[in-house]
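# Summary of structural features
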Amino acid sequence: SAMDLDYVDCLMVHWPTPDKHVAAYLALEPLVKAGRAKTLGVSNYTPQDYEELIAHVSVPPTVNTFEVNPMLFRRSWVNYFQGRGIIVQAYKPLQRGGDTLK
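Read on for a plain summary of the structure. Keep in mind the model is a prediction, meaning the values are calculated, not measured.

### Observations regarding the pattern of salt bridges
Applying the stated criterion across every chain, the model contains 1 salt bridge. A salt bridge links E51 to R84; the shortest N-O distance between them is 3.9 Å. Note that E51 is positioned in helix α2 (residues 47-54) and R84 in the loop between α3 (75-83) and β4 (87-91), a separation of 33 residues in sequence. Using a relative accessible area of 43% as the deciding quantity, one classes R84 as partly exposed.

Next comes the structure, spelled out in structure tokens:
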């Protein structure tokens with residue numbers, strides 16, 4: 001392969017673009033089935049986005065990465081995804097177009 005790897009640990013759909021995210025995820029499922037990826041994940045999915053996705057897939061996501069931090073604690077989202085066995089990977093952007101890092 002171009003990356004000189006037998007497989008990758010996790011492939012992720014970064015954003016639930018309306019009318020496209022399910023197709024994007026479904027395009028990745030054959031890579032798991034062929035052993036080229038160990039798992040699939042999603043990023044920035046709300047519980048509603050997840051419900052739309054899960055109705056169409058055969059390989060459920062193992063992780064959802066979304067913003068969770070002391071200033072934005074999404075307890076209901078964390079409980080929802082953890083209750084379904086999905087790992088919550090939290091992040092906090094360091095900068096959003098401002099002078100924070102200057």
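Additional details are given in the paragraphs that follow.
### Notes on the packing of aromatic side chains
Here the structure, examined in full by the defined rule, presents 5 aromatic pairs. Aromatic side chains Y50 and Y80 sit 6.0 Å apart centroid to centroid with 80° between the ring planes, which places their arrangement in the edge-to-face category. Within this pair, whereas Y50 is found in helix α2, its partner Y80 is found in helix α3, the two being separated by 30 residues in sequence. Assessed through its relative accessible area of 13%, Y80 is described here as buried. Ring pairing ties together the aromatic residues Y50, F66, W77, Y80 and F81, which thus form one cluster. The aromatic ring of Y7 is capped on one face by K38, whose charged end is 4.3 Å from the ring centroid. A cation over an aromatic ring shows up here: R74 above the ring of W77, its NZ or CZ 4.3 Å from the ring centre.

Here is what the cut-offs are and how they apply
Residues numbered from 1 in each chain as written. Predicted model: local features only at pLDDT ≥ 70, side-chain atom pairs only at ≥ 80, totals over all residues. Heavy atoms only, no water. Salt bridge = Lys/Arg side-chain N within 4 Å of Asp/Glu carboxyl O. Helix = DSSP H or I, 4+ residues; strand = E, 2+ residues; numbered from the N terminus. Buried < 20%, exposed > 50% of the residue type's maximum accessible area, 1.4 Å probe, protein only. Phe/Tyr/Trp six-rings, centres within 6.5 Å; stacked < 30°, edge-to-face > 60°. Lys NZ or Arg CZ within 6 Å of the ring centre and 35° of its normal.

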